[in-house]
Amino acid sequence: MARGGKAFKAVAKGMAVVASAAAVIERRRRAAMAADPHELPTEAPGPVPVPRTDPAPVVASVAASAGEAMAAGAVAEPSAPVPAATAPTAPAAAPPAPAAHTAHAGLGREYHPGRPATPAEAVPWGLRVAAESTWRLLLLGAALYVIFYVVDMLRLVAFSVLASLLISALLEPSVSWLRRRGVPRSLAAGGVFLSGLAGIGLVGWFVVWQVSTNLPDVTAQVKDGVNQLRDWLITGPLHLTQQQIKDFADQITKAITTNTDQLTSASITGAQIAVEILTSLLMTFFTTFFLLYDGERIWNWALRGLPRHSRFAMAGAGPKAWATLTAYVRGTVCVAFIDAVCIGIGIDLLGVPLAMPLAVIIFLGAFVPLVGALVTGTVAVLIALVTQGPWTALMVLVVLIAVMQVESHILQPLILGRAVRVHPLGVVLGVAAGGIIGGIGGAVVAVPLIAVTNTVVGHLRRRNEAGQAVFTALEAARETAERTAAAQPAAAD
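Residues numbered from 1 in each chain as written. Predicted model: local features only at pLDDT ≥ 70, side-chain atom pairs only at ≥ 80, totals over all residues. Heavy atoms only, no water.

Looking only at helices and strands, the chain has 13 helices and zero strands in total. Put simply, the chain has 493 residues, and 22% of those count as buried. Of the contacts made within the chain by residues no fewer than 6 positions apart, 68% connect residues no fewer than 24 positions apart. As displayed, the chain has an accessible area near 33,000 Å², and 70% of this comes from carbon and sulfur atoms. (Helix = DSSP H or I, 4+ residues; strand = E, 2+ residues; numbered from the N terminus. Buried < 20%, exposed > 50% of the residue type's maximum accessible area, 1.4 Å probe, protein only. Contact = heavy atoms within 4.5 Å. Areas by Shrake-Rupley, 256 points an atom, 1.4 Å probe, with all protein chains shown as cover.)

Quick look at the structure:
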């Protein structure tokens, strides 16, 4: 926590420095935009030197002055003769040459026709865009880092809320159906919640029962598999000796005995993890019940915390996001059930033990799209390798790959349809990023979070486009009305 606090303070200081630098750059840019680069001072501080290489402006200026003097003399003293040498041939006038040594636009610099008014104008446009985009991205990255840091500190609360949202999205249609049939809200929410809790408890009991029942047989088969592996190491292409295998086993035993303290600390950490998991489960159940019972009021309360001009947009995006989340959870449950049934039947036909518990594990892993069932299915491959041999393990792997192909090409498009429009590459990258940030829980919630974000952004973009179209239509109608009103008096005249 101390290191995390130092990192947080360092990030905060960095954000302050970047923000101050950005403010200075913005002030200078506004000052440069406020100053007109073509404006010259009204009074020159001194005499203006005229370049000798171009006498045309000087001749024109002298001729114009002589013409003005002649006109004035003709009015005041008409009898005064005018010298023929000074009589202008044409009353031409040329604009005065710019002062080469005057201060430019009040910036304290001498004017030069080929020099930009400010240093910012000398920077190429692409580089200026890249620089401003970079510091904005740095600010955004710092903000995301702070958000993830806070979420990591409150990971129990964050994962409990996310898990509650997923479970509520699965159970809420049942609550709505009961309420439409006249069941009171509290009774409908409580009944559906208790039914879901009982279902989760039955699944857990079934897994424990199957494992405890088949564990002795699996242990004996694992021992036989280990003996077969030892015989293969001796008689196989490696040609190891009994002494080498014994030395390797002794090294493993020594490593275990010399790291007793680490194992003890690991057991303590495991106890702490168990307490955290129990606390998270209780918080998840509590949050799920109130989301089912009072979800609409909670959403209205959250909307009141937004700025006034953003409430209408988010009020429309919220139901669409909830519909996307509901479709995702229900579709994922269906896909996971089909995967578990197909893979469970396949490994049971191949004679792999613990087929039912493995099917339940694959069902839970399939909540991570595309890769979850394959990763959890590797447990079945390992058990088949130890208990049945490499040929059976290879066949189990073929079954896993075949089911994954059916899921990605048939089940996902058919069941989820267009409710969740996320590209497979986005799914894989999202699962990887979620796993790195939040472990298994992050991998589970990554894809629904991406799907909901995609829905909200799409709704807001379409809303802005519709608003722009309405504004354009209103402006066109106003201009048409003004032209019509201006044309009516002309027609009357």
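So much for the structure itself; the text now carries on.
Turning next to a positive patch on the surface. The grouping of Lys320, Arg421, Arg461 and Arg462 at the surface amounts to a positive patch. Within the secondary structure, Lys320 is located in helix H9 (residues 308-349). (Patch = residues over 30% accessible without salt bridge, like charges linked within 9 Å, V, L, I, M, F, W, Y side chains within 5 Å. Salt bridge = Lys/Arg side-chain N within 4 Å of Asp/Glu carboxyl O. Lys, Arg positive; Asp, Glu negative; His and termini not counted. Charge placed at Lys NZ, Arg CZ, Asp CG, Glu CD.)

A few words now on the nonpolar core. Residues Ile343, Ile347, Val352, Leu358 and Val396 are the most contacted members of the largest nonpolar core, which totals 19 residues. Those elements that place two or more of their residues in this core are H9, helix H10 (355-365), helix H11 (372-387) and helix H12 (390-416). Residues within four places of Val396 in sequence aside, it is in contact with Ile347, Leu350, Val352, Ala380, Val381 and Ala384. (Core = buried A, V, L, I, M, F, W, Y, C linked by side-chain atoms within 4.5 Å.)

On to the environment of Leu197, then. Turning to its location among the elements, Leu197 is positioned in helix H6 (residues 185-235). It is 8.3 Å that separates the C-alpha atoms of Leu197 and Phe285, two residues lying 88 residues apart in sequence.

Time to look at H11. In a regular helix each residue adds 1.5 Å, so 16 residues correspond to 22 Å; H11 covers 24 Å between its end C-alpha atoms and thus fits that length. By the burial criterion, the buried members of H11 are Gly372, Ala373, Thr376, Gly377, Ala380, Val381, Ile383, Ala384 and Thr387. Note on H11: the residue one or two positions beyond its end, Gly389, has a positive phi of about 110°. (Expected span 1.5 Å × (residues − 1).)

Now for the pattern of salt bridges. Inspection of the entire model under this criterion finds five salt bridges. The residue Arg478 makes a salt bridge to Glu475 at a minimum N-O spacing of 2.9 Å. Within this pair, Arg478 and its partner Glu475 are both found in helix H13 (residues 424-492), separated by three residues, close to a single helical turn. Here the salt bridges do not stand alone but share partners, grouping Arg185, Asp294 and Arg297 into one network.

Let's shift gears to the packing of aromatic side chains. What the rule picks out here adds up to seven aromatic pairs. Geometrically, the ring pair formed by Phe193 and Phe289 is edge-to-face, given 5.8 Å between the ring centres and 65° between the ring planes. Of this pair, Phe193 sits in helix H6 while Phe289 sits in helix H8 (residues 260-304), and the two are 96 residues apart along the sequence. According to the relative accessible area criterion, Phe193 is buried, its value standing at 13%. Judged by relative accessible area, which is 26%, Phe289 ranks as partly exposed. Arranged with centres 6.0 Å apart and planes meeting at 5°, the rings of Phe289 and Tyr293 form a pair that is stacked. (Phe/Tyr/Trp six-rings, centres within 6.5 Å; stacked < 30°, edge-to-face > 60°.)

Two quantities define a packed helix pair, namely the angle between the helix axes and the distance between the axes. In contact at an axis separation of 8 Å, H9 and H10 are set at 155° when each is read in the N-to-C sense. By the criterion of interaxial angle, the relationship of H9 to H10 is roughly antiparallel. Of the two elements, H9 crosses H10, and the hand of that crossing is right-handed. Of H10, the residues touching H9 (which contributes Val333, Ala336, Phe337, Ala340, Ile343, Gly344, Ile347 and Asp348) are Ala355, Leu358, Ala359, Ile362 and Phe363. A class-by-class count of the residues in the contact of H9 with H10 yields eleven nonpolar, one polar and one charged. (Axes fitted to C-alpha atoms, helices over the stretch in contact; angles between N-to-C directions. Parallel < 35°, antiparallel > 145°, perpendicular 65-115°, else oblique. Left-handed = near helix turned anticlockwise from the far one by under 90°. Nonpolar A, V, L, I, M, F, W, Y, C, P; charged D, E, K, R; others polar.)

A word on the side chain of Thr288. Note on placement: Thr288 falls in helix H8. On the accessibility criterion, Thr288 (1% relative accessible area) is buried. Excluding its chain neighbours within four sequence positions, the residues that come into contact with Thr288 are Ser164, Ile167, Ser168 and Phe193.

This part covers H9. Every α-helix carries 3.6 residues per turn, so stepping three or four residues along brings you back to the same face. The first and last C-alpha atoms of H9 sit 62 Å apart over 42 residues, in line with the 62 Å expected at 1.5 Å per residue. The sharpest bend along H9 measures roughly 30° and falls at Met314. Gly351 sits one or two residues past H9 and shows a positive phi near 85°. (Bend = angle between axes of the 7 residues up to and from the residue.)

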